[in-house]
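Okay, here's what each chain looks like letter by letter:
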Amino acid sequence: MIAYLIDGPLWYFSLAVFCIGVLWHLARIIFTRGRTDLSVARGSAGGGAIRNVFSRFIPHREIASQIGLPVVAGYMFHLGLFAVLFFAAPHVIFLEENLLGFGWTPMPHWAFIVASQFAFFGLILLWLRRMLTSVGRLISTTDDHVAAILTFVVMLTGCLALLKGFPELRLLHRFTVELLLIYFPFSCLMHTFTFIPSRAFTGAWFGRRGIDA
Amino acid sequence: MTERLEKGLQVLRAEMDKKVMSFFSSCVNCGICAESCLFYTETGDPRYTPIYKTEPMRKLWKNEYSFWGKLKSKLGMSESMTEADLSDWEELVYDGCSMCGRCSMVCPVGVDISMVIFKVKHALAVAGFSPEGLVGATQRAVDIGSPMGITMKAVLATIKHAEANTGLKIPLDVEGADYLALLSSNEIALYPEYLESLAKIFDHAGVSWTLSSDAYEATNSGLQIGNKAIAGQLVQRVVDGAAKLKVKNVISPECGHAYTALRWEGPNFVGKAYPFRVVHILELLDELQAQGKLKTTGMETDRLTFHDPCSIVRRGGVQAQPRNLLRPITQNFVEMTDHGSMNWCCGGGGGVSSNERAEGLKHTAFNRKKSQIEEIKVDAVVTACSNCRMVMEEGLEFNEMDIPLLGLTELIAEHLAEKPH
């Protein structure tokens with residue numbers, strides 16, 4: 001019964017909440033009023049927007065040494081998670097059979113181990129920094145902690161699900177993924193998508209002023 | 001709900017737009033912005049973390065625009081905003097932020113933190129939570145026409161001295177001139193050599209220009225305090241003055257926030273595009289040099305550096321021009337380690353220098369600039385903002401450092417060659 005619920009209705013429900021929630025959230029941003037800038041532009045807003053979406057992947061040289069830990073840990077976590085999410089063999093098979101109808105070559109097992117270690121270490125380092133620095137403690141919200149813990153639990157159950165002969169662990173992983181999907185659109189996890197308009201808006205502002213940001 | 005709180009919340013709601021929504025949806029509270037802010041790096045106080053300064057706006061967004069906030073509100077569990085949510089942020093926003101915008105350069109998700117802080121400032125100003133010093137300066141700007149209380153009589157006296165010192169006629173209220181030059185209060189009261197330099201350079205380059213007795217003041221206390229209505233009122237004086245004299249261009253002086261107010265935010269404050277062009281004095285000098293109308297001679301042999309005023313460079317886009325102008329007249333020019341769009345602020349922008357209450361914090365924040373200057377061992381510092389110049393002169397004096405500050409326009413005027421025409 002529980003297996004049926006997790007593999008069936010709850011999966012479709014969480015997927016629907018995720019998709020509708022993300023689209024609703026993005027639509028709200030796009031359709032909320034903006035402001036027309038009446039000053040005469042010096043440069044291109046469009047060019048600035050595109051440039052800023054990509055340039056922010058690399059921190060400014062002037063501040064790189066002060067923010068080395070969060071940048072390195074951030075890259076470890078995000079790249080590791082991306083690799084595991086889209087290239088771990090069970091995920092490729094799952095996506096092919098349940099969602100897309102086509103697959104691609106998964107990464108080898110050793111690469112999966114490396115990627116998941118990166119993701120774990122990155123996430124733990126980021127969370128420790130949040131807890132151990134005065135700035136992190138002051139500005140962190142409940143949402144930040146819930147999102148971090150939920151992501152960690154999903155990754156942990158994902159690793160446990162690899163143990164053959166324990167189908168309950170696969171169910172547990174899928175259940176935590178479903179919780180994450182439901183939580184996602186209403187949380188800071190939305191930065192996965194909203195960082196693009198955020199960078200673009202700021203880049204456009206810099207671009208029309210002719211500032212290389 | 002008190003009237004002050006209601007006024008503040010009304011502003012915050014009016015300022016909520018798609019940018020702010022995308023910013024708060026994206027911020028993961030990584031705290032990287034703290035390392036970009038000199039008020040945090042020099043004090044170590046986490047409250048000066050730039051994103052924390054936006055908390056009133058963020059709380060409103062969370063309560064009224066986020067899923068959880070709306071749900072809590074429906075269930076009667078929402079944490080309402082109180083007057084303390086505004087009053088407690090007054091010191092952080094006015095004393096502990098110079099609106100330098102360095103934080104907006106480093107945010108990994110692209111939040112323009114400085115822009116949101118200005119929106120918070122706007123709400124605080126309308127709600128009446130602003131420091132006395134800035135309130136007084138703003139009141140003088142509205143009543144007298146200048147935040148330092150400078151009247152046209154004082155300007156006339158400065159003109160008279162400039163004419164005596166240069167032997168040149170300073171044009172006043174000349175209809176149909178190409179350029180209307182504005183002055184900042186500091187340039188009238190503390191650095192009158194700026195006007196003398198303009199007279200020499202424009203005479204040399206054959207520029208048709210004038211001052212206006214209706215619009216002489218470029219400083220905009222409305223922008224500094226964050227009140228858009230007052231900022232618009234002050235910009236409108238310039239617009240009216242320029243229209244009366246039918247000028248084609250208005251020159252923003254060596255003043256950072258005046259450039260922001262006139263060039264970038266002014267049309268938005270007054271609600272319409274200008275019928276004239278606004279050009280910063282450095283942009284104009286660079287244009288004249290490129291056209292061959294501005295010729296210089298001789299070179300400074302001292303070891304010089306350039307302090308980039310945040311509002312002109314990082315937030316204004318005038319970065320290459322000062323270097324283009326300095327190159328032909330300096331033999332021993334050296335850049336600070338962090339310069340250009342990532343330069344460190346002097347610590348007195350955004351109205352901090354007009355806020356007596358922030359005096360101690362301003363001196364602490366200046367330590368960053370002090371170490372930048374010490375590191376490169378220069379003989380003098382050149383800049384192009386009279387406020388930066390004043391703040392740095394004070395900071396260097398406070399730290400017993402004997403390093404002169406020079407205005408770039410003034411330096412150019414000292415190196416003018418024979419008239420090319």
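Here is a short report on the structure shown in this document. None of these values were measured; they are calculated from a predicted model.

## Remarks on the environment of Glu375(B)
Residue and element names in this part refer to chain B.
- Residue position: Glu375 is located in helix 19 (residues 359–376).
- Using a count of 10 C-beta atoms within 10 Å as the deciding quantity, one classes Glu375 as exposed.
- In this structure, the C-alpha to C-alpha distance between Glu375 and Met336, residues 39 residues apart in sequence, is 8.0 Å.

## Some thoughts on the pairing of strand 4 (residues 277–280) of chain B
Residue and element names in this part refer to chain B.
- Relative to strand 4, strand 3 (residues 249–252) runs parallel, the two sharing four bridges. The residue bridging Val250 from the neighbouring strand is Val278, located in strand 4.
- Crossover connection from strand 3 via helix 16 (residues 256–270) to parallel strand 4: handedness right-handed.

## A short note on the sheet that holds strand 8 (residues 405–407) of chain B
All names here are of chain B.
- One open sheet accounts for four strands, arranged 6-5-7-8; its pairing is parallel. In the strand order of this sheet, the two ends are held by strand 6 (330–333) and strand 8, each with one partner. In this sheet, neighbouring strand axes are inclined to one another by 45 degrees on average, regardless of whether the strands run parallel or antiparallel.
- Judged from the three bridges that link them, strand 5 (residues 300–307) and strand 6 form a sheet pairing that is parallel. Its bridge partner being in strand 6, Glu300 is matched across the sheet by Thr330.

## Here's the deal with the interface of chain A and chain B
- Contact with chain A, which involves 48 residues of that partner, is made by 42 residues of chain B.
- Of all the secondary structure elements, the ones that give two or more residues to the side of chain A that touches chain B are helix 2 (9–31), helix 4 (61–64), helix 8 (134–139) and helix 11 (191–208) of chain A.
- If you tally residues by element for the side of chain A that touches chain B, the top one is helix 11 of chain A, at 10 residues.
- For the side of chain A that touches chain B, the residue count by class is 19 nonpolar, 18 polar and 11 charged.

## Overview of the packing of helix 1 (residues 3–15) of chain B against helix 4 (residues 55–65) of chain B
Residues and elements named next belong to chain B.
- For the pair helix 1 and helix 4, the least separation of the axes is 10 Å and the interaxial angle reads 75 degrees. If you check the angle between helix 1 and helix 4, you find them roughly perpendicular. Contacts between helix 1 and helix 4 involve Leu9, Leu12 and Arg13 from the former and Pro56, Met57 and Leu60 from the latter.
- Across the contact of helix 1 with helix 4, the residue classes break down as five nonpolar, no polar and one charged.

## Observations regarding the sheet that holds strand 1 (residues 179–181) of chain B
Residue and element names in this part refer to chain B.
- One open sheet holds the four strands; their spatial order is 2-1-3-4, and the pairing between them is parallel. For this open sheet the edge positions go to strand 2 (209–210) and strand 4, each flanked by a neighbour on one side alone.
- One ladder, built from two bridges, connects strand 1 with strand 2; its direction is parallel. Across the sheet, residue Tyr179 finds its bridge partner in strand 2, namely Trp209.
- Seen against the sheet, helix 15 (residues 228–245) touches strand 1, strand 2 and strand 3 and runs at an angle of roughly 140 degrees to strand 1.

Analysis parameters
- In every chain, residue numbers begin from 1 and rise along the written sequence.
- Here every chain gets a letter starting at A, and every ligand a number starting at 1, in the order they are written.
- Selection of residues for local features in this predicted model requires a pLDDT of at least 70, selection of side-chain atom pairs for listing and counting requires 80 or more, and totals for whole chains, interfaces and linings are taken over all residues.
- Every helix listed is a DSSP run of H or I at least four residues long, and every strand listed is a run of E at least two residues long, numbered separately from the N terminus.
- Each residue is classified by how many other C-beta atoms fall within 10 Å of its C-beta atom, where C-beta atoms are placed from the backbone; a count of 20 or more means buried, 12 or fewer means exposed, and values in between mean partly exposed.
- Strand pairing requires that DSSP identify at least two bridges connecting the strands.
- Handedness of a crossover: with both strands directed away from the viewer, a clockwise path from the first strand across the helix to the second marks it as right-handed.
- Angles run from 0 to 180 degrees between N-to-C directions of axes, and those axes are lines fitted to C-alpha atoms, restricted for helices to the stretch in contact.
- Residues are scored as being in contact if the C-beta atoms we place from backbone atoms lie within 7 Å.
- Residue polarity follows a fixed list, in which Ala, Val, Leu, Ile, Met, Phe, Trp, Tyr, Cys and Pro are nonpolar, Asp, Glu, Lys and Arg are charged, and the others, Gly among them, are polar.
- Note on terminology: angles under 35 degrees are roughly parallel, angles over 145 are roughly antiparallel, angles of 65 to 115 are roughly perpendicular, and the others are oblique.

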